[in-house]
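# Descriptive analysis of the structure
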Amino acid sequence: MAALLFSVFINDLSAKLSFDHIVFADDLIFFTDNTSISLVRDTLSNGLEKVHEWCDSKQLFINFSKTKYMIFGQKSDLCLKDKTHSETK
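Counting restarts for each chain: residues are numbered from 1 in the order of the written sequence. Only residues with pLDDT of at least 70 are given local features in this predicted model, and only at 80 or more are side-chain atom pairs given and counted; all residues enter the totals for whole chains, interfaces and linings. Side-chain calculation: all heavy atoms of the structure are included, whereas hydrogens and water are not.

### Quick word on the overall build of the chain
So the rule is basically this: By definition, any uninterrupted DSSP run of H or I lasting at least four residues is a helix, any uninterrupted run of E lasting at least two residues is a strand, and each is numbered from the N terminus. Each residue gets one of three labels from its accessible area relative to the maximum for its type: buried under 20%, exposed over 50%, partly exposed in between, using a 1.4 Å probe on protein chains only. Contact definition: two residues touch when any of their heavy atoms are within 4.5 Å. The accessible surface values rely on the Shrake-Rupley method and a 1.4 Å probe; as for residues, cover is taken only from the protein chains in view.
A tally of helices and strands in the chain yields 2 helices and 2 strands. For the chain, the succession of helices and strands along the chain, N to C, is α-β-β-α. Classification of the 89 residues of the chain by burial places 12% in the buried group. Restricting the contact set of the chain to residue pairs at least 6 apart, pairs at least 24 apart contribute 32%. Of the roughly 7600 Å² that the chain leaves accessible, carbon and sulfur atoms contribute 56%.

See below:
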C-alpha cells in the first residue's frame, strides 16, 4: 500500500519535467543526449533544479550523497574543460 501511495504522490513530478526520465519506486533517473557536453551539463543541471524545487514544495529533500551521474561517449568528445570537473586517470 505504501508503494502505491508514494506512486500517486510522486506522479505529479513527471508532469512537471520536460526531459526524458524514468521513475522507479523512489528513484528518479533523467537523461539526455547531445554532442555538446556543455548542453548536456546544462540540461541535467536544469533538471536537477526542477526536481529540487518540486521537493521543496513537498517538504522533501534530495539525498545528494546518493545522487550520481554517468557520461557515455567517445573519450575525444568528453574533454571537460570546465574547472568544476576533472578527469581521473
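Having seen the structure, we can now continue with the description.
### What about the pairing of strand β1 (residues 21-24)?
Selection criterion: Whether two strands pair depends on DSSP finding at least two bridges between them.
When β1 meets strand β2 (residues 27-30), the two strands line up antiparallel, connected through 4 bridges. When the sheet's bridge partners are listed, Phe 24 is paired in β2 with Asp 27. Linkage of β1 to β2, two consecutive antiparallel strands, is achieved through a turn of 2 residues, within which Ala 25 is found at a positive phi near 55°.

### Here we look at a nonpolar patch on the surface
Definition in use: Think of a patch as exposed residues, more than 30% relative accessible area, with no salt bridge, where like charges cluster within 9 Å and nonpolar side chains (Val, Leu, Ile, Met, Phe, Trp, Tyr) cluster within 5 Å. Think of a salt bridge as a Lys or Arg side-chain nitrogen and an Asp or Glu carboxyl oxygen that are within 4 Å of each other.
A grouping of Ile 22, Phe 24, Ile 29 and Phe 31 is seen on the molecular surface, where their side chains present a nonpolar patch of about 420 Å² in accessible area. With respect to the element layout, Phe 24 can be found in strand β1.

### Examining the confidence of the model for the chain
The condition is simple: The pLDDT score gives, residue by residue, the confidence of the prediction method on a 0 to 100 scale.
On average, residues of the chain score 79 in pLDDT, and 83% of them are at 70 or above. Here helix α1 (residues 2-16) stands out as the least confident element of the chain, with mean pLDDT 78; helix α2 (residues 37-57) is the most confident, with 89. Taken as a whole, residues 83-89 scores under 50 in pLDDT and shows 4 contacts with residues more than four places along the chain or in a different chain.

### Observations concerning the nonpolar core
Quick reminder of the rule: Within this scheme, the nonpolar core is defined by two criteria: the residues are buried Ala, Val, Leu, Ile, Met, Phe, Trp, Tyr or Cys, and they are joined through side-chain atoms within 4.5 Å.
In terms of nonpolar packing, the biggest core is built from 8 residues, these being Ile 10, Leu 13, Leu 17, Phe 19, Val 51, Trp 54, Cys 55 and Ile 62. Listed by contribution, the elements that provide at least two residues to this core are α1 and α2. Residues in contact with Ile 10, not counting those within four places in the same chain, are Val 23 and Trp 54.

### Looking at the pattern of salt bridges
Two side chains with opposite charge may pair up if their charged atoms get near one another. Inspection of every chain in the model, using the stated rule, returns 2 salt bridges. Across the pair Lys 58 and Asp 12 runs a salt bridge, and its minimum N-O distance is 3.4 Å. Here Lys 58, found in the segment after α2, pairs with Asp 12, found in helix α1; they are 46 residues apart in sequence, far enough to count as distant. Since its relative accessible area comes to 28%, Asp 12 is described here as partly exposed.

### Here's the deal with the packing of aromatic side chains
For the record, the criterion: Stacked, tilted and edge-to-face pairs are distinguished by plane angle, under 30 degrees for stacked and over 60 for edge-to-face with tilted covering the rest, among Phe, Tyr and Trp rings (Trp via its six-membered ring) whose centres lie within 6.5 Å.
According to the stated counting rule, one finds 1 aromatic pair in the structure shown. Each ring, one from Phe 19 and one from Phe 30, has its centre 4.9 Å from the other, and the planes form 55°; the classification is tilted. Residue Phe 19 is located in the loop between α1 and β1, and its partner Phe 30 is located in strand β2; the two are separated by 11 residues in the primary sequence. We classify Phe 19 as buried; its relative accessible area is 13%.

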